[in-house]
Amino acid sequence: MSAVFDGSPLKAMQNSHTHTAQTALSGQELSQEIKSFISGVDTVQGRKLSVREHARCAVRLLRSVPACRGAVLEHLRGVYDEHVSAFLHNLETEGDANSGVSSNLEDIIQEVHGVLSEFIRLNPRAWAPLVSAWAVDLLGQLSSKHAGRRVAPHSSSLNELLQLWMSCAATRSLMEAYSQCLAAMLAWCPDACVDALLDTSVQHSPHFDWVVAHIGSAFPGTIISRVLACGLKDFCSHGAKDQGLVVMGVEKGSRVPKIGSVVGILGHLAAHHSDSIRKELLRMFQESLSPSSPLSPTSSSTSWESSPQLRRAAVPFLLQLAAMSPNLFGAVSAELVELLRPPVLLQLQALLQGLPREELDNMLGLAVHLISQSPSGGARVLRFLADTATPASVIISGPTPSPHEGVREGCDRLLQMLLLHLHKLVYNRSDGVEGNPHHSVSFQPQTVIPFLEELQTHVGELCAETLRLERKRHLWLHQLLCLLSVYGGPSVATEALCQLLTQARNPEELALAWQLHTTLSSCMAGLIPAAVARCVAQIHTHTLGPRQLRQLLLNLAAAIQSQDEERRGAPGAQSTMAVQVGSAISGHLHDFGPLLLHSDPAVSHAAVRLLSVSPLPRTSSPAHLLLVSRAAVTHFFLALRRRVDVGNAGRDGGQAGEAVNCSVLLLSRFAAYSPLTLKAVLQQLVEGSLHKGNADLFGGQIADMSGAPVAAPSVSPDLGASLLDINCRFGTTVNFSGSVWSVFHAGVIGKGLKVRTDTPLPDPSWVIQNIQTLLAVIVQCCSSSGLNGSINGSRSPSDPDEPLPINAEAAKVIAVTLVENVCPDVANGELSWPPEEHARTTVERDIHIRRCFEAHPVLFALLQVVAAGRPALCYCSAVLRGLLATLLAHWEASREALSTDSPWHLQASCLLVSCMGEGQLLPPVLANVHEAFPHLTPFEVRLLLLAVWEYVRGNGPMPQKFVFSSEKGLFCRDFSRDGDVARYVAPIHSVLHKNIDRLGHLCWRFQL
């Protein structure tokens, strides 16, 4: 004992230890204390010392004779153990932890702690190494000895263990003493203190981990690196080949005892020192790849960086560490991907090339397991693997150079292993959804795959990457998309299919949607309707831009048109999907209808293309039908205007012409759907063609309420007339018959007649083309069987070149609509014609009708369609009568030498008689008189028109006079039942005889 005596600490302690009330012991007293301490007997009283008295004797010796410190500290081990045993016993018996033996020894422990603390403070170089080794060894012994007590938590529960031991005065005193020693030794000798801690950790692990975790919280920079280095050495000594066993469920401490402790310690420290742990793990990874120049300037000769074997084992060790602790893996995964640049990848490849095949396979399997269990950063890892594994020929440009071929093959293999592993996880889940959809999830909860869980929020990005169609890359991503859809269920599958339909830009990319549907259709029903419903939801919420919306509509149209493949004898998955897409689209007809009026012409074109090829629903509400029909008709006129604008601008009108054709097809199909849609389409087509916004498309002019063309404001002079003043003067001076408008429509009193301004006429070629298009769509609608097709002549003709007959009921709809728009005040019952003199009572109405025909040349074309659908022209009787009356008045008042001097009236007269003849309101002999009009004088034209008037007045245009002919499929009129036609032909013959030199070649046309 005297050999280790050191008087300087004792003297320093005695000089400064003024807080104690005891005086320095004499030599005799010291001798008695030493004898009592060694024998355990009171030398004065001759009795055995109690535990408390013996401990106090040891404390007195520790104060007075520091040379006795080894024996005293060894004796105090038993005191501390006694206190801990009593403390745990009281806890087990649910007693007070501060009572009994524990309370008798706690003051001794406090006194010991005070003495040691003072010694360490006064002379740390002499006392800190001794006390630190004693404290940490005693903590290890106490932790291991009492680990099996009932109140002691399991060794893996570091937080609970820490709370238990820090509530005990003995272990808390030891922990504080060690912390004081470590703080004192960090400046000059940290390795000795930390090595003692780690050596004890290895000896008493895992029961000692709570001590390391607590010390690490106080000194994270030192403990974290030392713990990792210790774990790496232990991992290397046990062999890296055991790493795969831990993942497969073997007890963590069975083959690799220390790595479990490392995980527990770092997991405890991660709560407050995650950044330090992350930096240290990344530092270890980087240093393991650069053997020539270690990154740590403070590494000593005993550090792991100096050992090539440890450096090679660092990467497998880090993988094993990440596999056992998801928190540690999550802390470094994000930055680790950023570190894996081509130079680092080459270093990693060089490091792994030297590993045995079995060990390398284990590492790849462990990496796959880590990726599949990664709760965050999965999308970034997937992008890194796909970019690195993609063949160099595909990578055309980018911020990073093409990877090395060996690196690329390694990532290729890793990605394929990941897909295979995910396939097994998805299709072998414990819930058994695929095998037994009625299985109760409450008994076997669904297995969660964190990697796929995170990718569910990146479905759109995954679809976009898949559609890039890069070699190999899109196959991997498409397979992953299928697995993600199966894992996520109908919601994810629907979103994936919706994204593919939205983002595909060509048939090759759209084919990926067919492949996805083919894969998923075996385990999911109703996928196509759900995907279309999701697309409709995106349209309603305006989440798609015009370009995306257009692409979605075009892809849906292409999907439906793929049914043609089946009709050509090539059935397949596409045709099956096309039928389902068409059925789903028909159920959302009212949702796609408003897109026909989209502000973007490209979107409206795509919408009409989709609706023109999609099947119509079997049943639909009238409100939806009327809504779509109005939108379709409005789009038709907009498409006509775009075609004109594009043609006038000199641009390629292919797309505009296709939009018109699709619109015509849509209207014809929609008209054939039901009588309601046929009537709505025809009414809106007639009304739209006469609307002031569309009149110029068909060569018309905007007319006012009287039917007179309206001049543009820029060319209409402001006459400055006051209507109130004019009415006052007008009412007191002259009393005109009729209304005020009979004078005012001609001009302003006192200012003369209205100035007829010449408005710019549209291009006649476009007018003719637009009228032909309008007539084509009307004829197609009228040729359908939407209204009583089985009885009114809508059957198909025997000659395929012969045009289909006009539906009589459809023509009646046009006739009624035409009359309502041209002359709204005409009653439906005005079919019979009065004498010609009676026309004087309807002068105003007749002038209005004539001006409407002047402003809208398309009216004659519409009359021709009505005339072809006999007997529908009968319902235009009032309009025909008003127009004929104004023509008779014109020819009677005309002083021109020839009828050709009034070109519009001549043309109107010819067209009127021709329509009446086509509609069989006139017999053939009278229906041909218009052929002679260009060769006659105005008076002679009036005579012939007057004969027409008289015939129609005598033989009223009644629909009852028409009989359906089953042979012709038309309604025909038997003129033999009417009166003698000869008396109406007499004026015609008189005119022929007078102009025999010019009309001789037409005489045969007027034979009875």
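Since the model is a prediction, treat every value here as computed from it, not as a measurement.

To continue, consider the overall build of the chain. Per the secondary structure count, the chain includes 46 helices and four strands. The buried share of the chain, reckoned over its 1008 residues, is 49%. If you take every contact in the chain between residues at least 6 apart in sequence, the share linking residues at least 24 apart comes to 74%. Summing over all exposed atoms, the chain offers an accessible surface of approximately 46300 Å²; the carbon and sulfur share of this is 55%.

A few words on helix H37 (residues 764-783). Taking 1.5 Å of rise per residue, 20 residues should cover 28 Å, and H37 covers 28 Å from first to last C-alpha, within 8% of that figure. For H37, the set of buried residues is Trp 766, Val 767, Asn 770, Ile 771, Thr 773, Leu 774, Leu 775, Val 777, Ile 778, Cys 781, Cys 782 and Ser 783. Structurally, H37 contributes buried residues whose contacts are with helix H32 (622-648), helix H33 (654-671), helix H34 (675-690), helix H38 (808-822) and helix H40 (858-868).

A word on the pattern of salt bridges. Enumeration over the complete set of coordinates arrives at 25 salt bridges. Measuring nitrogen to oxygen at the nearest pair gives 3.0 Å for the salt bridge that ties Arg 77 to Asp 137. Taken together, the positions of Arg 77 in helix H4 (residues 69-92) and Asp 137 in helix H6 (residues 124-145) put the pair 60 residues apart, joining distant regions of the chain. With respect to class, Arg 77 is no different from Asp 137; both count as buried.

Attention shifts here to the layout of surface pockets. Unoccupied space between atoms shows up once a probe the size of one water molecule is rolled over them. A volume near 1000 Å³ is recorded for the second largest pocket. Around the second largest pocket, the lining comprises 36 residues; the ones closest to its centre are Leu 348, Leu 352, Leu 364, Ala 367 and Leu 414. Breaking the lining of the second largest pocket down by element, the ones donating at least two residues are helix H14 (257-289), helix H15 (308-324), helix H16 (326-339), helix H17 (342-353), helix H18 (357-372), helix H19 (378-389) and helix H20 (405-427). It is H20 that contributes the most residues to the lining of the second largest pocket, seven residues altogether. Classifying every residue of the lining of the second largest pocket by side-chain character gives 29 nonpolar, five polar and two charged.

To continue, consider the packing of aromatic side chains. On inspection of all chains with the given rule, the structure shows seven aromatic pairs. Summarising the aromatic geometry, the rings of Phe 853 and Phe 860 are spaced 4.9 Å apart at their centres and angled 55 degrees between planes, so their arrangement reads as tilted. Across the pair, exposure class does not vary: Phe 853 and Phe 860 are buried alike. Pairwise contacts between aromatic rings join Phe 636, Phe 637 and Phe 698 into one cluster.

This next bit is on the side chain of His 113. Of note, His 113 is situated in helix H5 (residues 100-122). Given a relative accessible area of 18%, His 113 falls into the buried group. Here the side chain of His 113 touches Ser 173 through a polar contact of 3.3 Å, side chain to side chain. If we skip the residues at most four places from it in the chain, His 113 touches Ser 173, Glu 176 and Ala 177.

So, on to the pairing of strand S4 (residues 970-973). Two elements, strand S3 (residues 962-965) and S4, share four bridges in a ladder whose sense is antiparallel. The partner of Val 963 across the bridge, within S4, is Cys 972. Where S3 folds back onto S4 in an antiparallel hairpin, the turn is made up of four residues, including Gly 969, whose phi is positive at roughly 75 degrees.

Judged by nonpolar contacts, the single largest core of 295 residues is most densely connected at Phe 317, Leu 321, Leu 452, Phe 592, Leu 685, Ile 778 and Phe 933. Looking at this core, the element that brings in the most residues is H14, giving twelve residues. Setting aside chain neighbours within four positions, we find Leu 321 in contact with Leu 228, Ile 259, Val 262, Val 263, Leu 266, Leu 281 and Leu 328.

The next point concerns the packing of helix H41 (residues 877-893) against helix H44 (residues 938-954). Following both chains from N to C, one finds H41 and H44 inclined at 150 degrees, their axes separated by 8 Å at the closest point. What the angle tells us is that H41 and H44 run roughly antiparallel. For the pair H41 and H44, the crossing hand works out as left-handed. Taken together, the residues of H44 that come into contact with H41 (itself represented by Arg 881, Leu 884, Ala 885, Leu 887, Leu 888, Trp 891 and Glu 892) are Pro 938, Phe 939, Val 941, Arg 942, Leu 945, Leu 946, Val 948 and Trp 949.

Assignment of secondary structure puts Ile 539 in helix H26 (residues 527-540). On the accessibility criterion, Ile 539 (12% relative accessible area) is buried. For the pair Ile 539 and Leu 595, spaced 56 residues apart in the sequence, the C-alpha separation amounts to 9.2 Å. Sequence-distant contacts of Ile 539, that is, excluding residues within four places in its chain, are made with Leu 549, Phe 592 and Leu 595.

Time to look at the confidence of the model for the chain. On average, the chain scores 77 in pLDDT, and the residues at 70 or more come to 78%. Residue range residues 1-23 is modelled with pLDDT below 50. Its contacts to residues more than four positions away, or to other chains, number 24 contacts. Counting contacts from residues 431-444, a segment whose pLDDT is below 50, to residues more than four positions away or on other chains yields ten contacts.

Per the counting criterion, the structure on display carries four cavities of 30 Å³ or more. Roughly 120 Å³ of internal volume is contained in the largest cavity. As for the largest cavity, its lining consists of Ala 379, Leu 382, Arg 383, Ala 386, Leu 455, His 458, Glu 461, Leu 462, Glu 465, Arg 473 and Leu 477. Looking at the lining of the largest cavity, the elements with two or more residues in it are H19, helix H22 (459-466) and helix H23 (473-488). Broken down by element, the lining of the largest cavity gets its largest block of residues, four residues, from H19. Residues belonging to the lining of the largest cavity are distributed by class as follows: six nonpolar, one polar and four charged.

Moving on to unusual backbone geometry. Put simply, Arg 870 and Pro 871 share a cis peptide bond, and its omega is 5 degrees. Despite not being glycine, His 542 has its phi angle at roughly 55 degrees, a positive value. Exposure remark for His 542: the relative accessible area of 68% places this residue in the exposed category.

The next subject is the environment of Gln 180. Within the secondary structure layout, Gln 180 lies in helix H8 (residues 169-185). Exposure remark for Gln 180: the relative accessible area of 24% places this residue in the partly exposed category. Considered as a pair, Gln 180 and Ser 117 are 63 residues apart in the sequence and their alpha carbons are 7.6 Å apart. When sequence neighbours within four positions are dropped, the list of residues in contact with Gln 180 reads Ser 117, Ile 120 and Arg 121.

Before going further, it helps to spend a moment on helix H7 (residues 158-166). Each α-helix winds once per 3.6 residues, and so residues spaced three or four apart point in a common direction. Along H7, the residues classified as buried are Leu 158, Leu 161, Leu 162, Leu 164 and Trp 165. Here the buried residues of H7 occupy an arc of 165 degrees about the axis, which is enough to place them on one side.

One can describe the packing of H20 onto H23 by two numbers: an axis separation of 10 Å at closest approach and a directional angle of 20 degrees. What the angle tells us is that H20 and H23 run roughly parallel. Relative to H23, the crossing made by H20 is left-handed. Only Trp 476, Gln 479, Leu 480, Leu 483, Val 486 and Tyr 487 of H23 make contact with H20, whose side of the interface consists of Asp 412, Leu 415, Gln 416, Leu 419, Leu 422, His 423, Val 426 and Tyr 427. Here the residues of the contact of H20 with H23 sort into ten nonpolar, three polar and one charged.

As enumerated under the stated definition, the model contains zero disulfides in all. Here Cys 463 stays free of any disulfide, with the sulfur of Cys 498 as its closest cysteine sulfur at 9.2 Å. Of the cysteine sulfurs around Cys 915, a residue in no disulfide, the closest is that of Cys 876, at 9.5 Å. Given a relative accessible area of 2%, Cys 915 falls into the buried group.

Take the side chain of Ser 372 next. For Ser 372, the position within the fold is in helix H18. The residues touching Ser 372, leaving out its near neighbours within four places in the chain, are Leu 418, His 421, Leu 422, Leu 425, Ile 449, Pro 450 and Phe 451.

Criteria and cut-off values
Residues numbered from 1 in each chain as written. Predicted model: local features only at pLDDT ≥ 70, side-chain atom pairs only at ≥ 80, totals over all residues. Heavy atoms only, no water. Helix = DSSP H or I, 4+ residues; strand = E, 2+ residues; numbered from the N terminus. Buried < 20%, exposed > 50% of the residue type's maximum accessible area, 1.4 Å probe, protein only. Contact = heavy atoms within 4.5 Å. Areas by Shrake-Rupley, 256 points an atom, 1.4 Å probe, with all protein chains shown as cover. Expected span 1.5 Å × (residues − 1). Salt bridge = Lys/Arg side-chain N within 4 Å of Asp/Glu carboxyl O. 1 Å grid on protein atoms, 1.4 Å probe; cavity = no way out; pocket = protein on both sides within 12 Å on 5 of 7 lines; lining within 4 Å. Points joined across faces, edges and corners; volume = space filled by probe spheres on them. Nonpolar A, V, L, I, M, F, W, Y, C, P; charged D, E, K, R; others polar. Phe/Tyr/Trp six-rings, centres within 6.5 Å; stacked < 30°, edge-to-face > 60°. Polar contact = N/O pair within 3.5 Å; in protein donor to acceptor, adjacent residues only side chain to side chain. Pairing = 2+ DSSP bridges. Core = buried A, V, L, I, M, F, W, Y, C linked by side-chain atoms within 4.5 Å. Axes fitted to C-alpha atoms, helices over the stretch in contact; angles between N-to-C directions. Parallel < 35°, antiparallel > 145°, perpendicular 65-115°, else oblique. Left-handed = near helix turned anticlockwise from the far one by under 90°. pLDDT = per-residue confidence, 0-100. Arc of directions from axis to C-beta. Disulfide = S-S within 2.5 Å.

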